[in-house]
Amino acid sequence: MIIRISEEGQYQVPSSLFDELNVIDNRIVELVVNGNEKEYKAELLNLLNCIRSNGKKLDDADIRESDVIVPPDDLTLKEAREIFTGDGLLEG
């Protein structure tokens, strides 16, 4: 699975990590809906760190279609309300 972190680059992440990322994604949706900015920021960092630590960063010249695009860590709660809706970024 290829995941792009906006403003950072692409990571090749094992598909076996999908369930863990989906759990974090769903928590982010819940926190955004409830307006809990502090915990939302922490979970967004958790999501990004999980991708970074479990994925292999692809060279910038290695352009591939991304399966998922994740926003950067400076995404505001207001901006997150437009992105983290319904099933979140990861459907499933």
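Notes on the structure in this doc start here. Quick caveat, the model's predicted, so the values are computed rather than measured.

Taking 1.5 Å per residue as the helical rise, helix H1 (residues 18-34) with its 17 residues ought to reach 24 Å, and the 24 Å between its terminal C-alpha atoms agrees with that figure. Within H1 the residues assigned to the buried category are Leu21, Asn22, Ile24, Asp25, Ile28, Val29, Leu31 and Val32. Against the buried residues of H1 lie strand E1 (2-5), helix H2 (37-54) and helix H3 (77-83).

This brings us to the side chain of Asp25. With respect to the secondary-structure elements, Asp25 resides in helix H1. For the buried Asp25, no salt bridge exists, and the shortest N-O distance to an oppositely charged side chain is 10 Å, to Arg27. In this structure the side chain of Asp25 is engaged in a polar contact, spanning 2.9 Å, whose partner is the backbone nitrogen of Leu90. Beyond its immediate sequence surroundings of up to four residues, Asp25 is in contact with Phe84, Asp87, Gly88, Leu89 and Leu90.

A few words now on the environment of Ile51. With respect to the element layout, Ile51 can be found in helix H2. The sequence separation of Ile51 and Tyr11 amounts to 40 residues, and the corresponding C-alpha distance is 7.3 Å.

Procedures and definitions
- Residue numbering note: each chain is counted from 1, following its sequence as written.
- The predicted origin of the model limits local features to residues at a pLDDT of at least 70 and limits the giving and counting of side-chain atom pairs to 80 or more, whereas totals for whole chains, interfaces and linings rest on all residues.
- Values shown for side chains rest on all heavy atoms present in the structure; no hydrogens or waters enter the calculation.
- Segments assigned H or I by DSSP are reported as helices when at least four residues long, segments assigned E as strands when at least two residues long, and all are numbered from the N terminus.
- Each helix should span, by expectation, one fewer than its residue count multiplied by 1.5 Å.
- Categorising residues by exposure relies on relative accessible area from a 1.4 Å probe, with only protein chains included: less than 20% of the type maximum marks a residue as buried, more than 50% marks it as exposed, and the intermediate range marks it as partly exposed.
- In this analysis, two residues are considered to be in contact whenever any of their non-hydrogen atoms come within 4.5 Å of each other.
- Positive charges come from Lys and Arg alone, negative charges from Asp and Glu alone, with His and the N- and C-terminal ends not counted.
- Any Lys or Arg side-chain nitrogen located within 4 Å of an Asp or Glu carboxyl oxygen qualifies as a salt bridge.
- Contacts described as polar in this section are N or O atom pairs within 3.5 Å, which, within protein, must combine one atom able to donate a hydrogen with one able to accept it, while residues neighboring in sequence count only if both atoms come from side chains.

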